[in-house]
Amino acid sequence: DVSLLEGAGVVIADDGRPDYNPDTYETAIPNLFVAGHLTRQLHMKNAIGVPPQIVDLIAGRLEESRIGGAK
């Protein structure tokens, strides 16, 4: 259910998932990130690794250029 995101102004793509920057997982709404099954990660084991990367990005421990490619 993406109605909360829609209400916040996030664009929902044709695949039913929110539009976001694939490098940072941030939506067009500043400081609003997506994680888990809302991402386009092909496997849940990859998707569950996204939240710690987002926290590190927000905390300044990870460069933007590394978040999308970090495994």
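Refer to the structure above for everything that follows.
The rules behind the values
- Residues numbered from 1 in each chain as written.
- Predicted model: local features only at pLDDT ≥ 70, side-chain atom pairs only at ≥ 80, totals over all residues.
- Heavy atoms only, no water.
- Helix = DSSP H or I, 4+ residues; strand = E, 2+ residues; numbered from the N terminus.
- Buried < 20%, exposed > 50% of the residue type's maximum accessible area, 1.4 Å probe, protein only.
- Contact = heavy atoms within 4.5 Å.
- Salt bridge = Lys/Arg side-chain N within 4 Å of Asp/Glu carboxyl O.
- Arc of directions from axis to C-beta.

Peer 1: Please clarify how the overall build of the chain should be interpreted in this entry.
Peer 2: Scanning the chain from terminus to terminus reveals four helices and zero strands. Each helix and strand of the chain, placed in order from N terminus to C terminus, yields the pattern α-α-α-α. Looking at the chain residue by residue over its 71 residues, the buried ones come to 27%. Of the contacts made within the chain by residues no fewer than 6 positions apart, 26% connect residues no fewer than 24 positions apart.

Peer 1: Help me understand the pattern of salt bridges, please; the structure alone is not making it clear to me.
Peer 2: According to the stated counting rule, one finds one salt bridge in the structure shown. Between Asp 15 and Arg 40 there is a salt bridge, with the nearest N and O atoms lying 2.9 Å from each other. With Asp 15 in the loop between helix 1 (3–7) and helix 2 (44–47) and Arg 40 in the loop between helix 1 and helix 2, this residue pair connects regions lying 25 residues apart in the sequence.

Peer 1: Would you mind going over unusual backbone geometry with me for this structure?
Peer 2: In most cases, non-glycine residues show a negative phi, while peptide bonds are predominantly trans. For Tyr 25, which is not glycine, the phi dihedral falls at a positive 70°. Relative to the helices and strands, Tyr 25 resides in the loop between helix 1 and helix 2. Overall, Tyr 25 belongs to the buried group, its relative accessible area being 3%. In this structure, Asn 31 takes a positive phi of about 65° despite not being glycine. Under the relative-accessibility criterion, Asn 31 is labelled exposed at 64%.

Peer 1: Help me out: how do you make sense of helix 3 (residues 50–58) in this one?
Peer 2: Two residues of an α-helix separated by three or four positions point the same way, owing to the 3.6 residues in each turn. Among the residues making up helix 3, those that are buried are Val 50, Gln 53, Ile 54 and Leu 57. An end-on view of helix 3 places all buried positions within 100° of arc, on one side of the element. Directly after helix 3, the chain includes Gly 60, whose backbone phi takes a positive value near 80°.

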